[in-house]
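If you want the building blocks of each chain, they are given just below.
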Amino acid sequence: MENQDKIICSELFQKQRKVEVVLYPAVLAWKEIEKSSKRSSGTSESEHVQTVKVCEIVAVHKTEDEADAQLRSHPKRINQPSQQYPHAFTVSYVRRTRQHLWRCADVTFHCADQQICEQWVQVINEQLSLLTNRPKNLLVYINPYGGKRRGERIYEQKVAPVFRRAGIFTDVIVTERANHARDHLKMEANLDDYDGVVCVGGDGMFSEILHGLVTRIQTDHGVDQNQPDAELVPCSLRIGIIPAGSTDCICFATQGTNDPVTSALHIVVGDSQPMDVCSVHHNGVFLKYSVSLLGYGFYGDVLTDSERNRWLGPARYDLSGFKTFLSHNYYGGTVSFLPADDNVGHPRDKLQCRSGCRICQHKHSSKDEHDEASEEKEKPAEDSDRGWSVIHGKFIAINSASMSCACPRSPKGLSPSAHLADGTTDLILVRKCSRLDFFRHLLRHTNNDDQFDHWFVEVHRVRKFRFQPWHPDLAPLEDASEHPESPDLSPISSLQETYDDRTAESSWNCDGEILHHTAIQVSVQCQLIRLFARGIEEQQDAEVAV
Ligand SMILES: Nc1ncnc2c1ncn2[C@@H]1O[C@H](COP(=O)(O)OP(=O)(O)OP(=O)(O)O)[C@@H](O)[C@H]1O
Ligand SMILES: CCCCCCCCCCCCC/C=C/[C@@H](O)[C@H](CO)NC(=O)CCCCC
Ligand SMILES: [Ca+2]
């Protein structure tokens, strides 16, 4: 630190203590200078240096009238340090508290000289203006009905004050119906006016923003989304997520917590996290995009059931999860997939995607990869069946996790080692097994045991996959490839009386929405969008003691 060039250095006052404050090019630091009458004569420097990275300063402003106000209310305190140092400025900055939780903290420095005070404000502001990744204008959509219906309150009480302090301008739209935000982004919003879009709501609301934005960009660039191999254009606008939904899995998996203030601060400091998006087609017709879970069988059934109980709020998933678990349905079908290259690891390698992830950093957006491939004139023949693996079977669940899908219900997620931006999705196949076995598998989503370490579970890291449910007339009577089932210790046959495993079909849960087709083709679009996030931080940045 001492070797870096000091931009400005002063002796100021903070909370009745004399401190030396230094602004280096990337760090603001201050340390106490003790008047050591208590210990020895003279002035000595305390060992403890507090530091704040300039990129984590939210704002700086002159603390107007504070000293005047004190003087008016307590004229007798004229000899106190704050009156000897009547000018003050306050630096608001990001402070890490508990795990992944950020708060906006203030530190106020007092000084005797007005000019010095103004110089400090000016110099810090100059440093902040060099941070060009910070948004200045945001378009905010609030779903007033997501989660526990607290979206508007959360925004007004916790988020808007942080944006105001950071000097961010916002246009706020409180949605009046489902798909309001999607349609506004698709057709009306003037995207040139904004540096980003903020979504106040849950995963379903995020999905609206995703569809509105991605579709708009493709339309503007003349790209036909119905072509499964279309070269999609990445979105330049980043998306911020203020969690106010039921699962908030996308927020949790990209920040490590579901906290509105933390999200607001990630937006203010201009974080950027690229993210994969799966495009889902049915017979060459575009259906949906997905960033978290595409789940057939268990998670499709949970969602279908839970939609009937929306009034229950977040608890609807617990009730439907329990009911679906008891139903213990399984579904026949054929899954085909194109495995990922070796350089992106394996779902069981325990290399979790964290802030600055090396695996994700080495990937580019799908468009860049397309461009490189066509330059080299060796576009892979992906539509042929070369390289594809095919699996027939009866499945309790088929899950594709493009990210870990960590959420409060499952802090490590459906696929703990899945990457946010590696151009792949982890395809998890849970074959027909006993109810007890499936329970053990589910339970492992909540503890440290490996949920893939079961005879009936397999997991593949893939770039594309397809699913075809068995046609009732063509379904094999027995699935020869299947592992012999272990005995079911708790048969609940009454729930299955009407269940015919040769005709039954589930539905796909696509980021919390039901798809209306079961035969689908899925392709991962590497880094199609960017969030105002940085991935989950490995460890807390501690204050520096020198
Ligand atoms: N004004 C509105 N009225 C009714 N529905 C809305 C409105 N605005 C958005 N929606 C819809 O509400 C649905 C649920 O919203 P949201 O995702 O915010 O909450 P959630 O379902 O409780 O949370 P999660 O998706 O995390 O489970 C979304 O699919 C969205 O399209
Ligand atoms: C014995 C106890 C076992 C408990 C096991 C819990 C396992 C939980 C795994 C949770 C995975 C969530 C994946 C995220 C999916 C979201 O895109 C989607 C939209 O918000 N949420 C759901 O579909 C809601 C899905 C809710 C599932 C319960
Ligand atoms: Ca991925």
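Whatever comes next refers back to the structure up there.
Note that the structure is a prediction, hence the values are computed from the model and not measured. (Residues numbered from 1 in each chain as written. Chains lettered and ligands numbered in written order. Predicted model: local features only at pLDDT ≥ 70, side-chain atom pairs only at ≥ 80, totals over all residues. Heavy atoms only, no water.)

Draft legend 1. Highlighting the pairing of strand 15 (residues 331–339). Most of strand 15 is tucked away, with 8 of its 9 residues classed as buried. Inspection of the sheet shows strand 15 paired to strand 16 (residues 389–401) by 7 bridges, in the antiparallel sense. Looking at the pairing, Gly332 lines up with Lys394 of strand 16. Of the strand pairs in this sheet, strand 15 and strand 18 (residues 457–469) are connected by 7 bridges, and their pairing is antiparallel. Within the sheet, the bridge partner assigned to Thr334 lies in strand 18 and is Gln468. (Buried < 20%, exposed > 50% of the residue type's maximum accessible area, 1.4 Å probe, protein only. Helix = DSSP H or I, 4+ residues; strand = E, 2+ residues; numbered from the N terminus. Pairing = 2+ DSSP bridges.)

Draft legend 2. Highlighting the pattern of salt bridges. Summed over all chains, the structure comprises 23 salt bridges. A salt bridge links Lys62 to Glu118; its shortest N-O distance comes to 3.4 Å. One end of the pair, Lys62, is in strand 5 (residues 57–62); the other, Glu118, is in helix 3 (residues 114–129), and 56 residues separate them in sequence. By sharing partners, the salt bridges in this structure join Glu56, Arg96, Asp271, Arg534 and Glu537 into a single network. (Salt bridge = Lys/Arg side-chain N within 4 Å of Asp/Glu carboxyl O.)

Draft legend 3. Molecular detail of the side chain of Asn509. With respect to the element layout, Asn509 can be found in strand 19 (residues 508–510). For Asn509, a relative accessible area of 8% gives the class buried. At a separation of 3.1 Å, a polar atom in the side chain of Asn509 contacts the main-chain carbonyl oxygen of Tyr299. Not counting residues up to four positions away in its chain, the partners in contact with Asn509 are Leu293, Leu294, Gly295, Tyr299, Gly300 and Leu303. (Polar contact = N/O pair within 3.5 Å; in protein donor to acceptor, adjacent residues only side chain to side chain. Contact = heavy atoms within 4.5 Å.)

Draft legend 4. Region of the structure containing the coordination of the calcium ion (ligand 3). Every protein donor of the calcium ion (ligand 3) is accounted for by Asp276 (OD), Ser402 (O), His419 (O), Asp422 (OD) and Thr424 (O), and the metal-donor separations fall at 2.3 to 2.6 Å. The motif formed by the donor residues of the calcium ion (ligand 3), counted along the single chain, is D-x125-S-x16-H-x2-D-x1-T. Of the two residues, Asp276 is situated in strand 12 (residues 273–282) and Ser402 in the loop between strand 16 and strand 17 (425–431); the sequence distance between them amounts to 126 residues. Residues Asp276 and Ser402 agree in their burial class; the two are buried. (Donors = N, O, S within 2.8 Å, 3.2 Å for Na, K, Ca; no water.)

Draft legend 5. Inspection of the site of ligand 2 at higher detail. In the region of ligand 2, 16 residues are neighbours, and Asp203, Thr247, Ser292, Phe439 and Asn509 sit closest. Measuring from an oxygen atom of ligand 2, one finds a side-chain N or O atom of Asp203 at 2.7 Å. The separation between an oxygen atom of ligand 2 and a polar side-chain atom of Thr247 is 3.2 Å. Burial of ligand 2 by the surrounding chains reaches 86%, relative to a free accessible area of 700 Å². For the shell around ligand 2, the element with the most residues is helix 13 (residues 435–443), which contributes 3 residues. In the shell around ligand 2, the residues fall into 8 nonpolar, 6 polar and 2 charged. (Near = heavy atom within 4 Å. Areas by Shrake-Rupley, 256 points an atom, 1.4 Å probe, with all protein chains shown as cover. Nonpolar A, V, L, I, M, F, W, Y, C, P; charged D, E, K, R; others polar.)

Draft legend 6. Just helix 9 (residues 298–307), in detail. Across the 10 residues that make up helix 9, a large majority, 8, are buried. What helix 9 keeps buried is the set Phe298, Tyr299, Gly300, Asp301, Val302, Leu303, Asp305 and Ser306.

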